[in-house]
Amino acid sequence: ISALPVNFIQNIISEDLKAGKNGGRVHTRFPPEPNGYLHIGHAKSICLNFGLAAANGGITNLRFDDTNPSKEELEYVESIQEDVRWLGFDWEDRLFYASDYFEDLYQYAIGLIKAGKAYVCDLSAQEIRDYRGTLTEAGKESPYRNRSLEENLELFARMRAGEFADGSRVLRARIDMASPNLNMRDPVLYRILRATHHRSGDDWCIYPMYDYAHPLSDAFENITHSVCTLEFADHRPLYDWVLDALPLEAYPRKVEGRPQQIEFARLNLSYTVMSKRKLRELVEDGYVEGWDDPRMPTISGLRRRGYTAEAIRDFCERIGVAKRNSMVDIALLEHCIREDLNVRAPRIMAVLRPLRVIIDNYPAEQVEWLETENNQENPAMGSRKIPFSREIYIEQEDFMEDPPKKFFRLRPGGEIRLKSAYIIKCEEVIKDEKTGEIVELHCSYDPDSRSGGPNSGRKVKGTSHWVSAAHAVPAEVRLYEQLFEHENPDEIEGDYKEQFNPNSLVKLPACMLEPSIREAAPGSRFQFLRQGYFYIDPVDSKEGRLFINRIVSLRDSWAK
Ligand code: ATP
Ligand code: MG
Ligand code: MG
């Protein structure tokens, strides 16, 4: 058994267990609405709910909170299950749908009416808002509040039977129009809505509201600790009211007790947006290529980018669980993936913006296979051989014709070491006659300088990565930056989409990779020396054409 999590929710659970509450059971749930793909904020909730249960010998349900048919789809139901599993969590046989409780929720509502605790109201949505009052002003009672029990039962049955138009009537809780908590001023429990539900089809034309369906779904599943985000703190009195409005014996399902709502701070991440509505907008308006675009903060986007589930779980652990909202720097997420991949990703050489180099004093037909380590941080990963020949590629930015003082790479007449190979010297710069662009370099090499050889000790300031031109494997590499230019796009005035970062995707179609990449399966991860961590995109990479995503850049390059 691993150590208990350190957070205030664990403290509540520990107290409950000590007091023998819930018969010693710990039962949590993760309750997504299937109206979009899961994002990294959901990952926090998933890790928390599954993590708390596992640490306390408990269990966790996956429940689709599918009571709002107009925005929900099967595609989302499927992607959510895939994402939770990929993150490493298992609900076993505990997959539930709030829509499976529609009949029970309806029966409970009849119980509320019979207890004088709910009524059918004919006010329009606007009138209900107007009657509700404000924080400083008590609300006004609906003229329909004191309908007889019989009339309420009859009207509610007719609402269900489809006799009334959408929006013409609602069922409301009869609580307190003078409550200081606006949520308690006779909230709506049911509305009339003709929309085809992705599971129950057209069986229903009345649908329960979240504040009504959620506590009861928790109770029906015998949830003990119902963890949600802070915006629901003001709804907790209503959560409790719904559960306590009828005695447990009067519930349409046998239940073992009654759940407790606990709120924690939601995750906000810098330079991105997290609400599903906004993420959907980015997809639908073509800012990104889909929910799994590698720039998206969705779980499927992070996966497609090359993030590991381990790194995401590590991130969720490090951010902790607080009672106050705050913004987490996206750099922390990047730190977690770097740490994860540093020890396990093999290193290879890849030239992202190739510059051809011809080594004139190297024999034309010769190829040497040079030894180089797979991961200097992890010697257990061994070494491999890379081909060296007369024509190679180096990185365009590793050469400057007229460099500033502290430029330690190649310049006319200057030298650099090629990683695990030789020292070369730039003898001649060839330019395009029309554009003046540098097209290739002619160099000489020092045959005595071979790395690992007897005379390898000669030092030059710069070391560059390179690939042999004849052996290079072409690929398209995609570099990603933050999705938005503003740290908190939710906060700016006007349309958050104006802060979209046009450089969030840079495609480099003509990269040259060392030939060992040929043996790698799609979905493999590498460190490209000096460039960062990369992932072979398993969706786009087809026979003969490689597409590679940069997961994250390196903080430091090893070149000295
Ligand atoms: P969104 O506003 O992005 O649509 P939501 O809260 O409406 O999110 P749900 O599908 O209802 O999305 O969320 C399922 C669970 O995930 C809820 O318990 C919710 O509290 C939690 N959750 C959602 N967003 C975050 C977040 N940013 N940080 C932590 N938990 C979150
Ligand atoms: Mg929600
Ligand atoms: Mg939502």
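Residues numbered from 1 in each chain as written. Chains lettered and ligands numbered in written order. Predicted model: local features only at pLDDT ≥ 70, side-chain atom pairs only at ≥ 80, totals over all residues.

Asker: Mind showing me how you'd approach the domain arrangement of the protein chain here?
Answerer: Examined at the domain level, the protein chain breaks down into domain 1 (8–264), domain 2 (276–344 + 474–513 + 520–552) and domain 3 (348–472). With centres defined by C-alpha atoms, the gap from domain 1 to domain 2 works out at 34 Å. The interface is formed by 19 residues belonging to domain 1 together with 19 residues belonging to domain 2. Those elements that provide at least two residues to the side of domain 1 that touches domain 2 are helix H1 (8–18), helix H2 (40–55) and helix H3 (74–87). For the side of domain 1 that touches domain 2, the leading source of residues is H2, giving 5 residues. Tallied by class, residues from the side of domain 1 that touches domain 2 come to 12 nonpolar, 5 polar and 2 charged. (Domains from an automatic or database assignment. Contact = placed C-beta atoms within 7 Å. Helix = DSSP H or I, 4+ residues; strand = E, 2+ residues; numbered from the N terminus. Nonpolar A, V, L, I, M, F, W, Y, C, P; charged D, E, K, R; others polar.)

Asker: Is there a simple way to explain the pairing of strand S23 (residues 473–480) in this structure?
Answerer: Residues in a regular strand project their side chains so that they alternate between the two faces of the sheet. In the sheet, S23 pairs with strand S24 (residues 505–513) via 7 bridges, with the strands oriented antiparallel. When the sheet's bridge partners are listed, tyrosine 480 is paired in S24 with leucine 505. The pairing of S23 with strand S27 (residues 546–552) spans 4 bridges and is parallel. In the strand pairing of S27, alanine 475 is matched with leucine 546. (Pairing = 2+ DSSP bridges.)

Asker: Any chance you could explain the nonpolar core here in plain terms?
Answerer: What tends to happen in soluble globular proteins is that the nonpolar side chains get buried as a cluster. Of all hydrophobic cores here, the largest spans 86 residues; its most connected members are Ile312, Ile337, Val351, Tyr393, Val467 and Leu513. Take this core: its biggest share by element is 8 residues, from H2. The next biggest cluster of nonpolar side chains, apart from the first, holds 33 residues, and it includes Tyr101, Leu155, Met159 and Val170. (Core = buried A, V, L, I, M, F, W, Y, C linked by C-beta atoms within 7 Å. Buried ≥ 20, exposed ≤ 12 C-beta atoms within 10 Å, placed from the backbone.)

Asker: Help me out: how do you make sense of the site of ligand 1 in this one?
Answerer: Taken together, the neighbourhood of ligand 1 is formed by 15 residues, with Pro32, Gly41, Ser45, Arg266 and Lys276 sitting nearest. For the shell around ligand 1, the secondary structure elements donating two or more residues are H2 and strand S8 (225–229). Counting residues per element, the shell around ligand 1 draws most heavily on H2, which supplies 4 residues. In terms of residue class, the shell around ligand 1 is made up of 5 nonpolar, 5 polar and 5 charged. (Near = placed C-beta within 6 Å.)

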